[in-house]
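Residue-level structure breakdown
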Amino acid sequence: MDITLYGLMMYGLALLTMMAIYGVLCLALNLQWGFAGLFNAGIAGFFAVGAYATAILTAPESPNHLGGYGWPPLLALPVAMALAGIIAWPVGRICLGLKGDYLAMATIGIAEIIRLVFKNESWLANGTMGISTVPRPFESLGQPWGNLAFLALVLAIVIALYFSAERAWVSPWGRAMRAIRDNETAAAAIGKDVVRFRLEAFVLGAMVMGLGGGLSAMYFKFIGATATEPLLTTFLVWVMLIIGGSGNNKGALLGAALVWLIWSGTELFTNRLPAEWITRSSYIRTLLIGVLLIVVLQRFAKGVLPERPPKRID
Amino acid sequence: MIRVDNITKRFGGIRAVDDCSLHVTKGSITGLIGPNGAGKSTLFNIIAGTFPPDGGSVQLDGVDVTGWPAHRLFRAGLARTFQIAHEFARMTVLENLLAVPAGQAGENLLTAWTGWARVRREEAAIRQRAEAVLGELRLEHVAHELAGNLSGGQKKLVELARTMMWQPKVVLLDEIGAGVNRTLLSEIAGEIERLNRDHGYTFFVIEHDMDLIARLCHPVIVMAEGRVLTQGSMAEIRRNEAVIEAYLGGGRTNQNGAGIGAA
Ligand SMILES: Nc1ncnc2c1ncn2[C@@H]1O[C@H](COP(=O)(O)OP(=O)(O)OP(=O)(O)O)[C@@H](O)[C@H]1O
Ligand SMILES: [Mg+2]
């Protein structure tokens, strides 16, 4: 990293962009877990669907993978969301009436299947090599303006999602969702169609995860098997939400920012490790994040910004 | 109002409800008593759609509702409380009530996003009703407390309050008196009588408190070992040899055994 003002600014832009992309994913998980109590252990799967869909639709033609459709990036994103939702729907349909554990198992399974399909069916997305020609909106503006404009786009999306999620939280929809989360038998006994509500939260959350995947593919201009490993998405997003405060949309965003800051900080640390340790750096970072999680939860059992019942509607 | 025909429910080897048939007349306050483990709560759970029976049928107001899910039965006019309080723990007491009315416009996410004025109007009416109910049950001072933090008796009151947020045809009350203080319980009994008289709600009441049953219920149905033993007025029940036998001897558990004779 070059320690010039310009270099620092570019680093800051990168940091903020990643925080915002993880913010999207955390808001999505909060919708599923914080609102509805749904344990999605396969965030990476819906992320991957969104990312690959965006890449395939927008990347230039190549003999190595499906593509050349030349979609404008901003049109590819809604398709990415829809595809993630279409995959989530049957999973939810089958699992959401059952005990919570089944959803966890099914989502892990689905995520792994999606990852392996893209890894092995190389005609689809160039296998392990992945697609590394994903266009990023505004890149024609060059550095730093292109990066800045892309950050502004991601931030605008985060803000829109945040306000939508807040409205959902205070609305009777959010209230019914929390009732189901707290006691599904009693919620059914007051007329709430438990499966319908859960399905809505699950599919909507999965769609937003797909959006996060699409934004990530654009930002890195790349999507491949390494980017869809559970560690980078499922695990990290869970840690972010738990640390920030599940059941709190601000907490979700704060968690994304804090944990990403620390996660990228650990990279500075692991980069200084002796060469024979570098290969082990990913384990070491995970370990550090695990320790952080424990430390934070000692002090903030319900996350830094715990759930609060919404203000009255008026 | 409710007609139960030959309902059976097995849990593993136990027949919790065993070929049980009974009838709750429209406009009545019908009592359901019986020793611990007689199958009373299980029968309620079947009537309310919390789980399906292994056999038999249930009719609500002349409609066969066997196997209907609980949320559909609620919408059809059946409200119920749970013996063990099923509060929404991480919601305030007020929210526990506000959540009740079915089919709120704001329960549709698109309406919540685009039609907020309508949601607010509807909410104002629901809130007004909730505040009245909280007042009647002396819960105003805990309205903004998380329901999970309430005492056992207060949680039972929240259970009752939720049924009062809806205009049901029939209300199933499972030991609503357990853990609630005498004075308040007497007021609740008055409230049940009023709702029955003025609004025509039918009540089906499980209770171990024989005074309360004697005051409120006619007729009283006695269950033992999953079946209906007898039914009649409380005075008739008290004289019935088989009932005394069921409570005092032979029953699977009889901690409440002394209740029937002594009361
Ligand atoms: N979910 C369940 N799983 C297994 N067994 C159950 C279940 N629910 C009830 N039982 C059994 O069914 C029988 C009847 O239970 P139920 O709760 O209906 O009794 P009850 O008449 O309500 O008793 P009480 O007066 O103590 O509340 C008991 O033997 C109980 O152990
Ligand atoms: Mg019982």
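The rules we used
- Residues numbered from 1 in each chain as written.
- Chains lettered and ligands numbered in written order.
- Predicted model: local features only at pLDDT ≥ 70, side-chain atom pairs only at ≥ 80, totals over all residues.
- Heavy atoms only, no water.
- UniProt positions renumbered as here; feature names shortened; annotations may be inferred.
- Phe/Tyr/Trp six-rings, centres within 6.5 Å; stacked < 30°, edge-to-face > 60°.
- Buried < 20%, exposed > 50% of the residue type's maximum accessible area, 1.4 Å probe, protein only.
- Lys NZ or Arg CZ within 6 Å of the ring centre and 35° of its normal.
- Helix = DSSP H or I, 4+ residues; strand = E, 2+ residues; numbered from the N terminus.
- Contact = heavy atoms within 4.5 Å.
- Polar contact = N/O pair within 3.5 Å; in protein donor to acceptor, adjacent residues only side chain to side chain.
- Right-handed = clockwise from strand over helix to strand, strands pointing away.
- Near = heavy atom within 4 Å.
- Expected span 1.5 Å × (residues − 1).
- Salt bridge = Lys/Arg side-chain N within 4 Å of Asp/Glu carboxyl O.
- Buried area = accessible area lost by both parts, 1.4 Å probe.
- Pairing = 2+ DSSP bridges.
- Axes fitted to C-alpha atoms, helices over the stretch in contact; angles between N-to-C directions.
- Domains from an automatic or database assignment.

- You'll find chain B entered in an unreviewed UniProt entry as Amino acid/amide ABC transporter ATP-binding protein 1 (HAAT family), with Dongia mobilis given as the organism.

- Named according to an unreviewed UniProt entry, chain A is Branched-chain amino acid transport system permease protein originating from Dongia mobilis.
- Listed in UniProt under the heading Subcellular location (unreviewed entry), the comment for chain A reads: "Cell membrane".

**Topic: the packing of aromatic side chains**
- Scanning the entire structure with this criterion turns up 15 aromatic pairs over all chains.
- Taking the centre distance of 6.4 Å and the plane angle of 40° together, the rings of Tyr 201 of chain B and Phe 203 of chain B count as tilted. For the pair shown, Tyr 201 of chain B and Phe 203 of chain B are each scored as buried.
- Here the aromatic residues Trp 33, Phe 39 and Trp 238 of chain A are joined through ring pairs into a cluster of three or more.
- Here Arg 136 of chain A stacks its cationic end above the ring of Phe 150 of chain A, 5.8 Å away from the centre of that ring.
- The side chain of Arg 72 of chain B reaches across the aromatic face of Trp 68 of chain B, ending 3.6 Å from its centre.

**Concerning the environment of Asn 183 of chain A**
- Inspection of the secondary structure puts Asn 183 of chain A in the loop between helix 7 (172-182) and helix 8 (184-189).
- For the pair Asn 183 of chain A and Ile 94 of chain A, spaced 89 residues apart in sequence, the C-alpha to C-alpha distance is 20 Å.
- Not counting the four nearest positions on each side in its chain, Asn 183 of chain A is found in contact with His 86, Glu 87 and Phe 88 of chain B.
- Engagement of the side chain of Asn 183 of chain A in a polar contact is seen with the backbone nitrogen of Ala 186 of chain A, the distance being 3.2 Å.

**A few points about the pairing of strand 8 (residues 202-206) of chain B**
Residue and element names in this part refer to chain B.
- Strand 8 sits mainly inside the fold: five of its five residues count as buried.
- Going residue by residue along strand 8, you find Thr 202, Phe 204 and Ile 206 tucked away on one face and Phe 203 and Val 205 tucked away on the opposite face as well.
- Each parallel crossover has a hand, and for strand 7 (residues 170-174) linked through helix 7 (residues 182-199) to strand 8 it is right-handed.

**Some remarks on the site of ligand 1**
Residues and elements named next belong to chain B.
- Residues in close proximity to ligand 1 total 14 residues, the closest being Asn 36, Lys 40, Ser 41, Thr 42 and His 208.
- Between ligand 1 and the protein, one listed contact pairs an oxygen atom with a side-chain N or O atom of Lys 40 at 2.8 Å.
- Between ligand 1 and the protein, one listed contact pairs an oxygen atom with a side-chain N or O atom of His 208 at 2.7 Å.
- If one sorts the elements of the shell around ligand 1 by residue count, helix 1 (residues 40-47) sits on top with three residues.

**Describing helix 6 (residues 152-163) of chain B**
- The end-to-end C-alpha separation of helix 6 of chain B is 18 Å, in line with the 16 Å expected for 12 residues at 1.5 Å each.
- Among the 12 residues of helix 6 of chain B, 10 are classified as buried, and the element is accordingly described as predominantly covered.
- Every buried residue of helix 6 of chain B is accounted for by Gly 153, Lys 155, Lys 156, Leu 157, Val 158, Glu 159, Leu 160, Ala 161, Arg 162 and Thr 163 of chain B.
- For helix 6 of chain B, the secondary structure elements touched by its buried residues are helix 8 of chain A together with strand 6 (78-80), helix 3 (93-98), helix 5 (116-136), strand 7 and helix 7 of chain B.

**Structural notes on the pattern of salt bridges**
- Tallying each qualifying case throughout the model produces 24 salt bridges over all chains.
- Measuring nitrogen to oxygen at the nearest pair gives 3.7 Å for the salt bridge that ties Arg 90 of chain B to Glu 307 of chain A. Pair noted here: Arg 90 of chain B is in the loop between strand 6 and helix 3 and Glu 307 of chain A is in the segment after helix 13 (281-299), and the two residues belong to different chains.
- Across the pair Glu 131 of chain B and Arg 127 of chain B runs a salt bridge whose closest N-O atoms are separated by 3.6 Å.

**Thoughts on the interface of chain B and chain A**
- Chain B puts 33 residues into the contact, and the matching count from chain A is 32 residues.
- In terms of surface lost to chain A, no three residues of chain B exceed Arg 90, Glu 107 and Trp 116 of chain B, which account for 21% of the buried area on that side.
- At the junction of chain B and chain A, the tally comes to five salt bridges.
- In this assembly, chain B and chain A are joined by 16 residue pairs in polar contact (both at pLDDT 80 or more).
- At the level of secondary structure, the elements contributing two or more residues to the side of chain B that touches chain A comprise helix 2 (70-75), helix 3, helix 4 (109-114) and helix 5 of chain B.
- Among the elements that line the side of chain B that touches chain A, the one with the most residues is helix 5 of chain B, at five residues.

**Some words on the sheet that holds strand 4 (residues 55-60) of chain B**
Residue and element names in this part refer to chain B.
- The four strands are arranged 2-1-4-5 in an open sheet whose pairing can be described as antiparallel. Edge positions in the sheet fall to strand 2 (14-24) and strand 5 (63-64), since each has one partner strand and no second.
- Sheet topology note: the strand 4/strand 5 ladder contains two bridges and is antiparallel. The residue of strand 5 that forms the bridge with Gln 59 is Asp 64.
- Across the face of the sheet, helix 1 comes into contact with strand 1 (2-11), strand 2 and strand 4 while running at roughly 115° to strand 1.

**Things to note about the pairing of strand 2 of chain B**
All names here are of chain B.
- Across seven bridges, the pairing between strand 1 and strand 2 is antiparallel. Bridged to Arg 10 within strand 2 is Arg 15.
- Between strand 1 and strand 2, which follow one another and run antiparallel, lie two residues, and Gly 12 among them has a positive phi close to 60°.

**Here we look at helix 13 of chain A**
All names here are of chain A.
- Given a rise of 1.5 Å per residue, 19 residues ought to cover 27 Å, and the 27 Å separating the end C-alpha atoms of helix 13 matches this to within 8%.
- Every buried residue belonging to helix 13 is among Ser 281, Ile 284, Arg 285, Thr 286, Ile 289 and Val 296, and all of these are buried.
- Next to the buried residues of helix 13 lie helix 10 (231-244), helix 11 (249-270) and helix 12 (275-278).

**A word on the domain arrangement of chain B**
Residues and elements named next belong to chain B.
- You can read the domains of chain B as domain 1 (2-87 + 152-248) and domain 2 (93-149).
- The gap between the C-alpha centroids of domain 1 and domain 2 is 27 Å.
- Summed over both partners, the interface of domain 1 with domain 2 comes to about 1700 Å²; 66% of that surface belongs to carbon and sulfur atoms.
- When the buried area of domain 1 at its contact with domain 2 is split by residue, Val 158, Met 164 and Met 165 rank highest and sum to 34% of it.
- Between Arg 138 and Glu 187 there is a salt bridge whose closest N-O contact spans 2.8 Å.
- Where domain 1 touches domain 2, the interface holds three residue pairs in polar contact (both at pLDDT 80 or more).
- Going through the elements one at a time, helix 2, helix 6 and helix 7 are the ones with two or more residues in the side of domain 1 that touches domain 2.

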